[in-house]
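Chain residues, written in single-letter form:
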Amino acid sequence: MGYAPEQQAYVARLRALFGGADAPPLAFVDTYGCQQNEADSERLRGMLFEMGCGFTTREEEADLIVINTCAVREHAEMRVLGNVGALIHTKRNKPRQLIALCGCMMQSPEVVEKVRRSYRHVDLVFGPHALPRFPELLWRALARTGRIFDRDEGGGPLTEGLPVYRAAPPRAWVSIMYGCDNFCSYCIVPHVRGRERSRSPEAVLEEVFSLVRGGYTELTLLGQNVNSYGKGLAPPTDFAALLASVCRVPGDFTVGFMTSHPKDATCRMLDVMAENPKIRRHLHLPFQSGSDRILRAMGRGYTRASYERLIDDARARMPDLNLTSDVIVGFPGETEADFADTLSLLARVRFHNLFTFIYSKRPGTPAADLPDDTPPAVKRERMARLLALQRQLSAGERANGKGTG
Ligand code: SAH
Ligand code: SF4
Ligand code: F3S
């Protein structure tokens, strides 16, 4: 099951081109953002490796720089743009250097326009949907007949069989689905990654088999919302069934997964976890806010009570479960009382680890139009209180001998 033949033909042409050079060209693939982007970068490296490229992490010696970007918060975008801006100096010393930007930021027309106007040393721009056409895009960019800005809105069939260049064992990512359909009101991901699409169980299991055969022993299944895996597949299936099938693959390995959305997490999934020693005792279950009013405004689709019930169900089955979560501070309209609800949820659940974010306005999302009258200083002060409480709680967990896993 290979990727498109025309792309393989471009790979062959590039291999011939690169093979004719004095030394193999060196590529630097730099990754921002989440594990899905890490997994995409492994596919980019897989294609580059097939073309005969070597790899470097030093910008100044790279013939090709590929920056895989993240759009989830403004801070992430600023960091990318700052680093891309600095490459103008690197390229001055190495004028044939080719600079490509890809990933989530590059699916936004506004960002692409900014790159077109203000980052003229960038040669190639493409979003996540165009990734399987990277060989063709690179071939066209190397022709140097003009800058390439690809506009792929997605929606085509899933591409299987892209080569993957992974880090050495033991750890490996396995994407089980792409995109997101949840449209949480603050989040850019569904806008840039497109609609949710699941890989077939056969494709996932085949990858798991070959990873285990290759000595990988710590697998992590990836998706923005693994709990809605299988929607639209025929015959119908779900995440609990996939997880159980993965565990039946023979061999000595463990499997984890992320991210779980609380609204779609099922007791069956918890049962499968509890029954299978291959599944790591870790659940990353972002709650975002402890206030029902804010959860509704975020469009998360669960309440504080249903979240707490889910945690109780999980712990009843797995008392040693390691729980982690994401939380947003300062969502538009968050009052002191809403924030106090977030603190009390923290104290009630006692997470092993917490990933904390100050709300970042993402143009084009519904929350960007909500009035936001909480001063930034108040949001920062709330964040400090949140972190202090979490520090205190995790110190307590350690003192109880539970460890942080
Ligand atoms: N699909 C995952 C989250 C992916 S984004 C889920 O729903 O759980 C990772 C985290 O970034 C989110 O859980 C959220 O806490 C945070 N995040 C997303 N958009 C944000 C924004 N606009 N401002 C601040 N944090 C945000
Ligand atoms: Fe964003 Fe919500 Fe989708 Fe997670 S589930 S990626 S927070 S829209
Ligand atoms: Fe960022 Fe895209 Fe992941 S926006 S968090 S890299 S899906």
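Residues numbered from 1 in each chain as written. Chains lettered and ligands numbered in written order. Predicted model: local features only at pLDDT ≥ 70, side-chain atom pairs only at ≥ 80, totals over all residues. Heavy atoms only, no water.

A.B. asks: In this structure, what is going on with the overall build of the protein? I would like to understand it.
C.D. replies: On a plain count of helices and strands, the protein comes out with 13 helices and 14 strands. Relative to the compact-globule value of 22 Å for 405 residues, the protein shows a C-alpha radius of gyration of 22 Å, a close match. Structurally, the protein occupies a C-alpha span of about 65 × 55 × 40 Å along its principal axes. Taking all 405 residues of the protein together, the buried fraction comes to 52%. Sequence-distant contacts in the protein: of pairs separated by 6 or more residues, those separated by 24 or more amount to 78%. Looking at the protein as shown, the accessible area adds up to about 18200 Å², and 53% of this sits on carbon and sulfur atoms. (Helix = DSSP H or I, 4+ residues; strand = E, 2+ residues; numbered from the N terminus. Rg over C-alpha atoms; globule rule 2.2 N^0.38 Å. Buried < 20%, exposed > 50% of the residue type's maximum accessible area, 1.4 Å probe, protein only. Contact = heavy atoms within 4.5 Å. Areas by Shrake-Rupley, 256 points an atom, 1.4 Å probe, with all protein chains shown as cover.)

A.B. asks: Help me understand the site of ligand 3 in this model?
C.D. replies: Taken together, Gly-33, Cys-34, Asn-37, Cys-70, Ala-71, Val-72, Cys-104, Arg-193 and Gln-224 form the complete shell of residues around ligand 3. For ligand 3, the cavity whose grid points lie within 2 Å of the majority of its atoms is the largest pocket. Taken together, the residues that form the shell around ligand 3 break down as five nonpolar, three polar and one charged. (Near = heavy atom within 4 Å. 1 Å grid on protein atoms, 1.4 Å probe; cavity = no way out; pocket = protein on both sides within 12 Å on 5 of 7 lines; lining within 4 Å. Sits in = over half its atoms within 2 Å of the grid points. Nonpolar A, V, L, I, M, F, W, Y, C, P; charged D, E, K, R; others polar.)

A.B. asks: Teacher, can you tell me more about the sheet that holds strand 10 (residues 218-222) here?
C.D. replies: The strands making up a sheet associate through hydrogen bonds between their backbones, and the pairing can be parallel or antiparallel. Taken in spatial order, the three strands of this open sheet run 7-10-11, and their pairing is parallel. Every other strand in the sheet has two partners, leaving strand 7 (171-175) and strand 11 (254-258) as the edge strands with one partner each. The mean angle between the axes of side-by-side strands here comes to 25°, regardless of whether they run parallel or antiparallel. Judged from the five bridges that link them, strand 10 and strand 11 form a sheet pairing that is parallel. (Pairing = 2+ DSSP bridges. Axes fitted to C-alpha atoms, helices over the stretch in contact; angles between N-to-C directions.)

A.B. asks: Before we go on, may I ask you to explain the site of ligand 2 in this structure?
C.D. replies: Inspection of the region around ligand 2 gives Cys-180, Asn-182, Phe-183, Cys-184, Tyr-186, Cys-187, Val-189, Pro-190, Gln-224, His-261 and Arg-300 as its neighbouring residues. In this structure the site holding ligand 2 corresponds to the largest pocket.

Everything listed is a geometric property; what it means functionally is a separate question.
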